[in-house]
Amino acid sequence: TMDEADAMIGEGCPPGTIVVADEQTKGRGRNNRAWQSSSNQNLYVSIVLRPTSVQDVVNINFSAPLAVAMAAEQVGVKAAKVKWPNDVWVGGRKLAGVLLNTTAMAVAGKPQLAV
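Residues numbered from 1 in each chain as written. Predicted model: local features only at pLDDT ≥ 70, side-chain atom pairs only at ≥ 80, totals over all residues. Heavy atoms only, no water.

1. A closer look at the pattern of salt bridges
Within this structure, the stated rule accounts for 1 salt bridge. A salt bridge links Lys-94 to Asp-87, with the shortest nitrogen-to-oxygen separation between them at 3.3 Å. (Salt bridge = Lys/Arg side-chain N within 4 Å of Asp/Glu carboxyl O.)

As structure tokens, then:
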């Protein structure tokens, strides 16, 4: 989803654009660790954001995993916790990972971000 979001940023998609997939065959995590997923087993999402400052990027980096944990609890998942810097865990198991990817390309002088 991140590669697709990057391509859509290059095409000028609006902020808030969401990319969803049933599986990932070129998944990557922190330190460019590669992984694959089975089809229809998980939720894979990228969201295009358009931060206006470096501070916005920092704030998103810290708040995105918290938002995932809070959303999980709102739908009935008990005791979702953030394992810094970017994972959400429940009962000793990883529920989600949040990866921020800034593109090298700036549009109108502003950084582009896919979460």
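2. A closer look at helix 1 (residues 2-10)
Buried residues of helix 1: Met-2, Ala-5 and Ile-9, and no others. One side of helix 1 holds all its buried residues, which, seen down the axis, span an arc of 55°. (Buried < 20%, exposed > 50% of the residue type's maximum accessible area, 1.4 Å probe, protein only. Helix = DSSP H or I, 4+ residues; strand = E, 2+ residues; numbered from the N terminus. Arc of directions from axis to C-beta.)

3. Concerning the pairing of strand 7 (residues 93-97)
Taken together, the 4 bridges between strand 6 (residues 87-90) and strand 7 define a ladder with antiparallel strand orientation. Looking at the pairing, Val-90 lines up with Arg-93 of strand 7. Between strand 6 and strand 7, which pair antiparallel in sequence order, lie 2 residues; one of them, Gly-91, sits at a positive phi of approximately 55°. (Pairing = 2+ DSSP bridges.)

4. Things to note about the confidence of the model for the protein chain
The pLDDT averaged across the protein chain works out to 84; a share of 86% of its residues lies at or above 70. Across the protein chain, strand 6 holds the top mean pLDDT of 95, while strand 9 (residues 113-114) sits lowest at 59. (pLDDT = per-residue confidence, 0-100.)

5. Focus: a nonpolar patch on the surface
Residues Val-54, Val-58, Phe-62, Leu-66, Met-70 and Trp-84 make up a contiguous nonpolar surface patch of roughly 630 Å² in combined accessible area. Tracing the backbone shows Phe-62 in helix 2 (residues 54-74). Residue classification places Phe-62 among the partly exposed residues on the basis of a relative accessible area of 47%. (Patch = residues over 30% accessible without salt bridge, like charges linked within 9 Å, V, L, I, M, F, W, Y side chains within 5 Å. Areas by Shrake-Rupley, 256 points an atom, 1.4 Å probe, with all protein chains shown as cover.)

6. Here's the deal with the side chain of Thr-17
Tracing the backbone shows Thr-17 in the loop between helix 1 and strand 1 (18-21). Classification of Thr-17 by relative accessible area gives buried; the value is 13%. Reaching out from Thr-17, the side chain makes a polar contact with the backbone oxygen of Pro-14 at a distance of 2.6 Å. Beyond its immediate stretch of four places on either side in the chain, Thr-17 contacts Met-8, Ser-46, Ile-47 and Val-48. (Polar contact = N/O pair within 3.5 Å; in protein donor to acceptor, adjacent residues only side chain to side chain. Contact = heavy atoms within 4.5 Å.)

7. A few points about the sheet that holds strand 6
Spatially, 5-6-7 is the arrangement adopted by the 3 strands of the open sheet, whose pairing is antiparallel. Two strands lie at the open edges of the sheet, namely strand 5 (81-83) and strand 7, each paired on one side alone. Taking each pair of neighbouring strands and ignoring which way they run, the sheet shows an average axis angle of 40°. (Axes fitted to C-alpha atoms, helices over the stretch in contact; angles between N-to-C directions.)

8. Focus: unusual backbone geometry
Of the consecutive residues Trp-84 and Pro-85, the connecting peptide bond is found in the cis state with omega at 10°. For Pro-85, the position within the fold is in the loop between strand 5 and strand 6. The backbone of Asn-40 sits at a positive phi, close to 60°, despite the residue not being glycine. Examined against the element boundaries, Asn-40 turns out to sit in the loop between strand 3 (34-35) and strand 4 (44-49).

9. Things to note about helix 2
With 21 residues, helix 2 extends 30 Å between its outermost C-alpha atoms, agreeing within 8% with the 30 Å of an ideal straight helix rising 1.5 Å per residue. The principal kink in helix 2, of about 35°, is found at Ser-63, preceding the proline Pro-65 by one to four residues. Those residues of helix 2 that sit buried are Val-57, Ile-60, Ala-64, Pro-65, Ala-69 and Ala-72. Two residues or fewer past helix 2, Gly-76 is found with a positive phi of approximately 105°. (Expected span 1.5 Å × (residues − 1). Bend = angle between axes of the 7 residues up to and from the residue.)

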